[in-house]
Amino acid sequence: MLLIRTYVAQSAIEGVGVFAAEPIRKGASIWRLDPDFDRLIPMEKYEAAPPHLKELLDRYAYPSPDRPGFMVYEVDNGRFMNHARRPNTDFSRYGGATAIRDIAAGEEITCDYGEFFEGFEQLHLATA
């Protein structure tokens, strides 16, 4: 669940992205895992889902780093956060994230998917 005010808009990285609705200070907590907003979906349900739902989850969900056999689907704007090799956030500590530098209002908020989704680059190459 995002802990900051954000909005979704066109991204120069890909499609749409998450943008800061107000300035964010370096070190600020920006996200934490919250089961009320970050749904854990069993892989069996994913496998049994109709194609259009699987496509949605393929795009916006990721394997749970601490619950094998589950996917995490974020219900808020967090699901639109784009990957960057030099992100402005740190998700390396599972369950929370912080801003690693000041983020200006209107700036896209980015993360390194590799910090919580092992092997994501191979998946991207397979679907590109």
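Within any chain, residue numbers begin from 1 and follow the written order of that chain's sequence. Local features are withheld for residues below a pLDDT of 70 in this predicted model, meaning they are given only at 70 or higher, and side-chain atom pairs are given and counted only at 80 or more; totals for whole chains, interfaces and linings count all residues. Side-chain figures throughout are based on the complete set of non-hydrogen atoms in the structure, without hydrogens or water.

- An unreviewed UniProt entry annotates the chain as SET domain-containing protein-lysine N-methyltransferase of Mesorhizobium waimense.

### Here we look at the side chain of serine 11
- Working definition: helices are DSSP H or I runs of at least four residues, strands are E runs of at least two. Numbering for both runs from the N terminus. Tracing the chain through its elements places serine 11 in the loop between β1 (6–10) and β2 (16–20).
- Any two residues whose heavy atoms approach within 4.5 Å are treated as being in contact. Residue contacts for serine 11: discarding those within four places in its chain leaves Val16, Gly17, Phe19, Asn82 and Glu108.

### Here we look at the packing of aromatic side chains
- Two rings from Phe, Tyr or Trp (for Trp, the six-membered ring) form a pair when their centres sit within 6.5 Å of each other. Planes less than 30 degrees apart are called stacked, planes more than 60 degrees apart edge-to-face, and all others tilted. In the structure shown here, the tally under the stated rule is three aromatic pairs.
- Ring geometry for tryptophan 31 versus phenylalanine 91: centroids 5.5 Å apart, planes at 45°, classification tilted. Residue tryptophan 31 is found in strand β3 (residues 29–32), and its partner phenylalanine 91 is found in the loop between β8 (89–90) and β9 (96–99); the two are separated by 60 residues along the sequence.
- Phenylalanine 91 sits in the buried class, given a relative accessible area of 7%.
- Ring geometry for tyrosine 60 and phenylalanine 80: centres 5.3 Å apart, planes at 75°, overall edge-to-face. With tyrosine 60 in helix α2 (residues 51–60) and phenylalanine 80 in the loop between β6 (70–74) and β7 (82–83), this residue pair connects regions lying 20 residues apart in the sequence.
- A residue is classified by how much of its surface remains accessible, and phenylalanine 80, at 15% relative accessible area, is buried.
- Taking the ring centre of tyrosine 46 as reference, the NZ or CZ of lysine 54 above it sits at 5.4 Å. Exposure categories follow from relative accessible area, calculated using a 1.4 Å probe and restricted to protein chains: below 20% of the type maximum is buried, above 50% is exposed, and the middle band is partly exposed. A ring has a charge above it when a Lys NZ or an Arg CZ is no more than 6 Å from the ring centre and no more than 35 degrees off the ring normal.

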